[in-house]
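Below are the chains, spelled out letter by letter.
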Amino acid sequence: MNYEAFYRQSVDDPDTFWSREAQRIDWHRAFDTVCDHARPPFARWFVGGETNLCHNAVDRWAQRQGDTPALIAITTETPDGTPAEKTWTFAELQRETERTAAIMRSLGVGRGDRVLIYMPMIAEAVFAMLACARIGAIHSVVFGGFAANSLATRIEDAQPALIMSADAGSRGGKAIPYKPLLDEAIGLSAHKPGHVLLVNRHLAEMNLVAGRDVDYATLREQHLDAQVPVTWLRSDETSYILYTSGTTGKPKGVQRDVGGYAVALASSMEHIFCGRPGDTYFSTSDIGWVVGHSYIVYGPLIAGMATILYEGTPLRPDASIWWQIVEKHKVARMFSAPTAVRVLKKQPPELMKRHDLSSLKALYLAGEPLDENTSAWVADALGVPIIDNYWQTETGWPILSVARGIDDKPTRLGSPGVPMPGYRVKILGEATGTVCGANEKGVVVIEGPLPPGCLQTVWGNDERFVSAYWSNFSTEQVYSTFDWGIRDDDGYYFILGRTDDVINVAGHRLGTREIEESISSHDNVSEVAVVGVEDKIKGQVAVAFVIPRHADRVATPEAKQQLEKEIFAVVDRQLGAVARPSRVHCVNLLPKTRSGKLLRRSIQALCEGRDPGDLTTIEDPASLVQIREALQS
Ligand code: AMP
């Protein structure tokens, strides 16, 4: 079957299509209904079925190929950057997951309880996710680069019974203590977890809070022989929550199911990532992001592959480290982000050439627009197909790509590709809500029901799910991706950036409103606007414009610099260094409409040297002059 026929069946006869795909996983109880869409936009997949993600990722393979590698944890966060690694076979991974599951149970965690995982890229983080899946607890992984306030909002929203963390992460060989941030976050949150389970890597001092904090290694010893059978879950039970930024300052908890997600991953691993049991797969993302959930942990394991968990930067001990890993572990499929490739492109090409990369079949890139230059460079350097794929935290797996497991439909430079199975993608005019013609720019939307694996709702807030994602057009109820796009004459889509206030820094999705809220907490900030500005390496960087409360305190360039430094520190402490703006400019006025709405798009345009656009509604044109002057200084 070629792509066209395959895709057509997925949207014209979804019941047949997804019933077949569902056979890629084990079901404890067969489902009665493929999709229940009686209450749009909510969709329930594989209703009546019972399954378990951990069973499909681990136990199933432990039974069939128990001695083959499942998890290969590699760290270059060693004193001199020399890689250290440890491998778990599927059988060993099952044992370790059962131990962690037993520890969680002993701390009172049960089905439906939330477990917040705030961990560096170490194997215990994977055990924790799988253990939750095993016992039906709902995990909420928070990226280790986030700091106290970001963490506190997530604790408060998810209300975890347990938080699992570690003494520290590490970056470039330098320990980054997690425990003080975690303690501060728990202090800030109205909800307090029953327990905090801590992995001690002996990288930083840890003060344990009596009665609340417990040591992972000690409890593990007590549960070495634990056997914890999987808990069979209803297909539409919740597997996890993953927070992501949106238009407001409050992150949204993307809520995912069990059965639909397992099927979507099994299906995409087959058709898009061409996963073969026993092959090795390497994604350079982080478990704190959706790529880490879908294509470091669950996807490759569900496909019976060995997955590499990598802690470290792409440049330490030197810029050949990823290629060393590919050579040593005979990596077949690799997944990374355009930013990482742009960083590597600046390094001497011999570093790549010196390794035998013949095992590698394809490189998958996602998370941000892939520019033609970067794509062409890496295709040439590696000599393998570069597969761009476009998706979001919300969808859990690619919306657009080319499905190399189906046919060899050519890729097109600058385009992530064509719709993947089950996604009924359209481009609508922002103002009109009508379908755009070929090559006409509009908003990328998806018709309901969304395919399996996509978000069920916003955690604890069905109303927000409907109002944020499904109510953007008066013409019809469709899911908005909040991305601009066009479709060319041949059906290839091109993504042209976000329609909302979300920015994408080095593949990390950040809300400008969250950064603004954090900056506003500095006592010399009266107003602030944060915009995303094009950057050669990171895709975008955040740039802040602040109106100081006391202008006299920032009268000199040195005082302005001091304020910038202080603002960096505030953002680092509250949100984490990932959210730190690249520059802070002082102004007396910000461009706004007469109704007081910040004209972020105009500010962004000025920062990128473009025309600020239609300014008929601007309150005070002098504000634009100020932005220009600030940029020049
Ligand atoms: P996240 O939820 O963090 O995965 O971010 C999703 C957003 O990243 C999308 O809405 C897009 O704006 C952007 N994005 C992800 N993948 C791509 C891609 N392949 N090409 C262009 N933009 C992308």
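Details of the structure are given in the entry above.
Fair warning: this is a prediction, and the values are worked out from it, not measured in the lab.

Participant: Would you mind going over the sheet that holds strand β5 (residues 84-89) with me for this structure?
Facilitator: Across a sheet, strands are paired by hydrogen bonds formed along the backbone, either parallel or antiparallel in direction. Reading across the sheet, the seven strands line up as β5-β4-β17-β16-β18-β19-β20 and stay open at both edges, with mixed pairing between neighbours. If you trace the sheet from one side to the other, it starts and ends with β5 and β20 (386-389), each paired once. Going from strand to strand, the sheet's axes swing by 20 degrees on average, the running direction of each strand aside. Together, β4 (69-75) and β5 form the strand contacts of helix α4 (residues 90-106), whose direction differs from that of β5 by roughly 90 degrees.

Participant: Explanation requested: the pattern of salt bridges in the structure shown.
Facilitator: Side chains that differ in sign of charge can pair as their charged atoms come close. Using the criterion set out here, one finds 43 salt bridges in the structure. Arg-134 is the salt-bridge partner of Asp-59, the closest N and O atoms lying 2.8 Å from each other. Here the residue Asp-59 occupies a position in helix α3 (residues 53-65), and Arg-134 occupies one in helix α5 (residues 123-135), the gap between them amounting to 75 residues. Judged by its relative accessible area of 1%, Arg-134 falls in the buried class. Taken together, the salt bridges that share partners define one network made up of Asp-36, Arg-44, Arg-111, Arg-234, Asp-236 and Glu-237.

Participant: For this particular structure, what's the right way to read the packing of aromatic side chains?
Facilitator: Between two aromatic rings, the relevant description is the distance of the centres plus the angle of the planes. Under the counting rule described, the total for this entry stands at 31 aromatic pairs. Aromatic side chains Phe-143 and Phe-146 sit 5.6 Å apart centroid to centroid with 90 degrees between the ring planes, which places their arrangement in the edge-to-face category. With a relative accessible area of 10%, Phe-143 lands in the buried category. Residue classification places Phe-146 among the buried residues on the basis of a relative accessible area of 9%. Clustering of aromatic rings is evident, with ring pairs tying together Phe-6, Phe-17, Trp-18, Trp-27, Phe-31, Trp-45, Phe-46, Trp-397 and Tyr-423. Sitting over the face of the ring of Phe-42, Arg-39 holds its NZ or CZ atom 4.5 Å from the ring centroid. Against the face of Trp-61 rests Arg-64, its NZ or CZ located 4.9 Å from the ring centre.

Participant: Looking at this structure, I do not really get the sheet that holds strand β24 (residues 442-447). What am I missing?
Facilitator: A sheet is described by the order of its strands in space; here four strands give the open sequence β23-β24-β26-β27, paired in antiparallel fashion. Of all strands in the sheet, those with a lone pairing partner are β23 (424-428) and β27 (493-498), marking the two edges. Neighbour-to-neighbour, the strand axes of the sheet open up by a mean angle of 45 degrees, direction not taken into account.

Participant: How do you make sense of the environment of Thr-82 when you look at a structure like this?
Facilitator: Note on placement: Thr-82 falls in the loop between β4 and β5. For Thr-82, a relative accessible area of 43% corresponds to the partly exposed category. For the pair Thr-82 and Gly-211, spaced 129 residues apart in sequence, the C-alpha to C-alpha distance is 38 Å. Apart from residues no more than four positions distant in its own chain, Thr-82 is found in contact with Thr-75 and Thr-76.

Participant: Before we go on, may I ask you to explain the side chain of Ser-283 in this structure?
Facilitator: By the secondary structure assignment, Ser-283 is in strand β16 (residues 280-283). With relative accessibility at 0%, the residue Ser-283 sits in the buried group. Not counting residues within four places of it along the chain, the set of residues in contact with Ser-283 comprises Val-291, Tyr-295, Ile-296, Ile-308 and Phe-335.

Rules and cut-offs
Residues numbered from 1 in each chain as written. Predicted model: local features only at pLDDT ≥ 70, side-chain atom pairs only at ≥ 80, totals over all residues. Heavy atoms only, no water. Pairing = 2+ DSSP bridges. Helix = DSSP H or I, 4+ residues; strand = E, 2+ residues; numbered from the N terminus. Axes fitted to C-alpha atoms, helices over the stretch in contact; angles between N-to-C directions. Contact = heavy atoms within 4.5 Å. Salt bridge = Lys/Arg side-chain N within 4 Å of Asp/Glu carboxyl O. Buried < 20%, exposed > 50% of the residue type's maximum accessible area, 1.4 Å probe, protein only. Phe/Tyr/Trp six-rings, centres within 6.5 Å; stacked < 30°, edge-to-face > 60°. Lys NZ or Arg CZ within 6 Å of the ring centre and 35° of its normal.

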